[in-house]
Amino acid sequence: MLVVMGTGASRGEVAEAHRRLEQMAPGVTWIEGARQSVFAVAGDVAGSDLASVRSLRCVERIVQVQQPYQLTSRAFRPDDTVVSSGNCKIGGGNIAVIAGPCSVENEEQMVRTACLVKSYGAAMLRGGAYKPRTSPYSFQGLGEQGLKLLEKAREVTGLPFVTEVTSVDAFAAVEDSADVIQIGARNMQNFPLLQRAGKSAKPILLKRGLSATLEEFLLAAEYIMAGGNPSVILCERGIRTFETYTRSTLDLSVIPAIKELSHLPVIADPSHACGKWSLVEPLAKAAIAAGADGLMIEVHPDPDQALCDGPQSLKPERFGRLMSSVGKIIAAG
Ligand code: PEP
Ligand code: MN
């Protein structure tokens with residue numbers, strides 16, 4: 001159960017509501033958000049005197065939620081959440097495309113790609129500075145130097161950027177630099193990292209774990225929201241199935257399912273899902289047709305020379321073609 005407090009609630013009123021709620025259930029958590037503060041009450045409150053809480057002037061509403069995730073559920077917020085960064089808006093009918101290389105490699109590569117994807121209509125840049133690689137011998141990213149190159153690309157294009165954080169230790173550096181912070185598939189259930197993200201004032205782009213169920217995905221987002229950060233973008237990036245032809249399997253059904261269950265925006269990353277550049281455009285179109293609020297697409301000026309994920313990276317001109325075909329799907333509504 002969630003007890004949503006009115007915006008003008010005083011400290012004394014909040015304390016009184018807390019006292020009454022604790023008489024009903026032991027697990028009461030105070031969540032102070034930037035826009036709204038709520039009490040999350042765990043456990044069974046059937047038979048409790050809810051009227052004594054509902055009658056408090058400071059209580060705006062009480063929301064009974066059936067699912068284990070609460071703040072991320074549609075029951076908590078019936079309207080779509082819109083996450084904004086600069087001029088880029090995602091959710092609530094706003095569709096945005098995020099594009100850029102898998103990894104930041106050097107200034108020329110990052111700035112050139114940024115200018116080109118902007119010219120084709122991307123609303124946000126991407127580029128990994130801290131890379132979560134399967135092999136310890138693969139390129140691990142440029143770290144803080146990579147963040148500086150992303151800042152340079154933002155300065156030149158005016159586009160905001162998203163970049164991944166892979167540890168609590170690096171969080172502050174990424175938070176100071178990035179417009180949107182990515183938590184990647186491999187860290188979707190890194191709970192200390194999710195808790196740190198909950199304390200951030202920056203929006204979080206949370207990618208679905210390789211084998212995460214929809215419920216686990218929403219509970220990971222719940223960690224961030226329960227820390228007080230309401231700005232979460234979900235990203236379907238493909239899941240592990242028996243199929244090996246593609247790198248993962250893009251789970252299109254999760255997009256409308258998230259729309260039913262949650263108010264959070266959901267985007268799709270067909271690049272990591274399929275692992276093959278030739279499949280990216282059709283999957284991007286399918287994701288938008290299924291209701292995605294945006295896309296994340298890997299683009300590299302010279303995919304054959306890319307230090308990471310070259311086989312799934314589009315050349316800039318192909319990205320331009322994708323943008324015009326996706327634009328037709330958006331226009332068709
Ligand atoms: C990425 O976006 O750079 C990335 C590593 O993606 P994922 O976490 O989805 O594998
Ligand atoms: Mn990649």
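*Asks:* What's the story with empty space enclosed by the protein in this structure? I'm lost.
*Replies:* Summary: where empty space remains is shown by rolling a probe the size of a single water molecule over the atoms. In this structure the tally under the stated criterion is 1 cavity of 30 Å³ or more. Within this model, the largest cavity holds a volume of roughly 130 Å³. Lining of the largest cavity is provided by 13 residues; of these, Gly 33, Gln 36, Arg 77, Met 225 and Pro 230 occupy positions nearest its centre. Of the residues in the lining of the largest cavity, the class split is 7 nonpolar, 4 polar and 2 charged. Looking at which domains feed residues into the lining of the largest cavity, each of domain 1 (2–63) and domain 2 (83–332) gives three or more.

*Asks:* Where do I start with the coordination of the manganese ion (ligand 2) in this structure?
*Replies:* Tetrahedral coordination by four donors sets the ideal angle at the metal to 109.5 degrees; octahedral coordination by six donors sets it to 90 or 180 degrees. Looking at the manganese ion (ligand 2), one finds its protein donor set to be Cys 102 (SG), His 272 (NE2), Glu 298 (OE) and Asp 309 (OD), positioned 2.0 to 2.4 Å from the metal centre. Mapping the donors of the manganese ion (ligand 2) onto the primary sequence gives the spacing C-x169-H-x25-E-x10-D. One end of the pair, His 272, is in helix H9 (residues 270–274); the other, Asp 309, is in the loop between strand S14 (294–298) and helix H11 (316–332), and 37 residues separate them in sequence. With respect to class, His 272 is no different from Asp 309; both count as buried.

*Asks:* Could you clarify how one ought to interpret the pairing of strand S10 (residues 180–183) in this entry?
*Replies:* For a regular strand, side-chain orientation follows a simple rule: the groups alternate between the two sheet faces. Neither face of S10 is open: one carries Val 180 and Gln 182, the other Ile 181 and Ile 183, and all of them are buried. Inspection of the sheet shows strand S9 (residues 161–164) paired to S10 by 3 bridges, in the parallel sense. In the sheet register, Thr 163 faces S10, and the bridge partner there is Ile 181. Read from S9 through helix H5 (residues 171–177) to S10, the crossover connection turns out right-handed. Note that S10 and strand S11 (residues 204–207) share 3 bridges and pair parallel. Bridging across to S11, Ile 181 finds its partner in Ile 204.

*Asks:* Which parts of the structure should I look at to understand the nonpolar core?
*Replies:* Across soluble globular proteins, nonpolar side chains show a tendency to be buried alongside one another. Among the nonpolar cores identified, the biggest contains 70 residues, and Leu 206, Leu 234, Leu 295, Ile 297, Phe 319 and Leu 322 are the most heavily contacted of them. Two domains each donate at least three residues to this core, and these are domain 1 (2–63) and domain 2 (83–332). In contact with Leu 322, not counting residues within four places along its chain, are Val 280, Glu 281, Ala 284, Leu 295, Ile 297 and Leu 314. In this structure, Val 3, Val 14, Val 28 and Val 41 belong to the second largest nonpolar core, which totals 18 residues.

*Asks:* Please clarify how helix H8 (residues 254–261) should be interpreted in this entry.
*Replies:* Side chains of residues three or four places apart in an α-helix project in the same direction, reflecting 3.6 residues per turn. Of all the residues in H8, the buried ones are Val 254, Ile 255 and Ile 258. The buried residues of H8 occupy one face: seen down the axis, they fall within an arc of 105°. As for H8, its buried residues are in contact with helix H7 (214–226), strand S12 (232–236), strand S13 (266–268) and helix H10 (277–289).

*Asks:* Help me understand the state of the cysteines in this model?
*Replies:* Each disulfide is one covalent bond, formed between the sulfur atoms of two cysteines. Here the structure, examined in full by the defined rule, presents 0 disulfides. Here Cys 115 stays free of any disulfide, with the sulfur of Cys 88 as its closest cysteine sulfur at 17 Å. Not engaged in a disulfide, the cysteine Cys 274 finds its nearest cysteine sulfur in Cys 235; these two sulfurs lie 13 Å apart. Classification of Cys 274 by relative accessible area gives buried; the value is 2%.

*Asks:* Would you take a moment to explain the packing of aromatic side chains for this structure?
*Replies:* Centre-to-centre distance and the angle between the planes together describe a pair of aromatic rings. Within the structure shown, the criterion is met by 3 aromatic pairs. Aromatic side chains Tyr 120 and Phe 319 sit 6.4 Å apart centroid to centroid with 75° between the ring planes, which places their arrangement in the edge-to-face category. With a gap of 199 residues between them, Tyr 120 in the loop between helix H3 (107–119) and strand S8 (124–126) and Phe 319 in helix H11 connect regions that are remote in the sequence. Look at Tyr 120 and you get partly exposed, because its relative accessible area is 32%. Here the basic side chain of Lys 276 rests over the ring of Tyr 245, its NZ or CZ set 4.1 Å away from the ring centre.

*Asks:* So what exactly am I meant to see when it comes to the pattern of salt bridges here?
*Replies:* Where side chains of opposite charge bring their charged atoms close, a pairing between them can arise. Enumeration over the complete set of coordinates arrives at 14 salt bridges. A salt bridge links Asp 269 to Lys 207; the shortest N-O distance between them is 2.6 Å. On the criterion of sequence distance, the pair formed by Asp 269 in the loop between S13 and H9 and Lys 207 in strand S11 is long-range, its members being 62 residues apart. Accessibility assignment for this pair places Asp 269 and Lys 207 in one class, buried. For Arg 208, the salt bridge goes to Asp 251, with nearest N and O atoms at 2.8 Å. Residue Arg 208 is found in the loop between S11 and H7, and its partner Asp 251 is found in the loop between S12 and H8; the two are separated by 43 residues along the sequence. Residue Asp 251 is classed as buried on the basis of its relative accessible area of 15%.

*Asks:* Quick question: what am I supposed to make of the domain arrangement of the protein chain here?
*Replies:* Many structure descriptions define interface size as the accessible area lost when the parts assemble. Per the domain assignment, the segments of the protein chain are domain 1 (2–63) and domain 2 (83–332). Put simply, the middle of domain 1 and the middle of domain 2, counted by C-alpha atoms, are 36 Å apart. Contacts between the two partners involve 5 residues from domain 1, matched on the other side by 4 residues from domain 2. Across the domain 1 to domain 2 interface the summed buried area is about 290 Å²; carbon plus sulfur atoms make up 56%. Summed over the shared surface of domain 1 and domain 2, the result is 0 salt bridges.

Criteria and cut-off values
- Residues numbered from 1 in each chain as written.
- Chains lettered and ligands numbered in written order.
- Predicted model: local features only at pLDDT ≥ 70, side-chain atom pairs only at ≥ 80, totals over all residues.
- Heavy atoms only, no water.
- 1 Å grid on protein atoms, 1.4 Å probe; cavity = no way out; pocket = protein on both sides within 12 Å on 5 of 7 lines; lining within 4 Å.
- Points joined across faces, edges and corners; volume = space filled by probe spheres on them.
- Nonpolar A, V, L, I, M, F, W, Y, C, P; charged D, E, K, R; others polar.
- Domains from an automatic or database assignment.
- Donors = N, O, S within 2.8 Å, 3.2 Å for Na, K, Ca; no water.
- Helix = DSSP H or I, 4+ residues; strand = E, 2+ residues; numbered from the N terminus.
- Buried < 20%, exposed > 50% of the residue type's maximum accessible area, 1.4 Å probe, protein only.
- Pairing = 2+ DSSP bridges.
- Right-handed = clockwise from strand over helix to strand, strands pointing away.
- Core = buried A, V, L, I, M, F, W, Y, C linked by side-chain atoms within 4.5 Å.
- Contact = heavy atoms within 4.5 Å.
- Arc of directions from axis to C-beta.
- Disulfide = S-S within 2.5 Å.
- Phe/Tyr/Trp six-rings, centres within 6.5 Å; stacked < 30°, edge-to-face > 60°.
- Lys NZ or Arg CZ within 6 Å of the ring centre and 35° of its normal.
- Salt bridge = Lys/Arg side-chain N within 4 Å of Asp/Glu carboxyl O.
- Buried area = accessible area lost by both parts, 1.4 Å probe.

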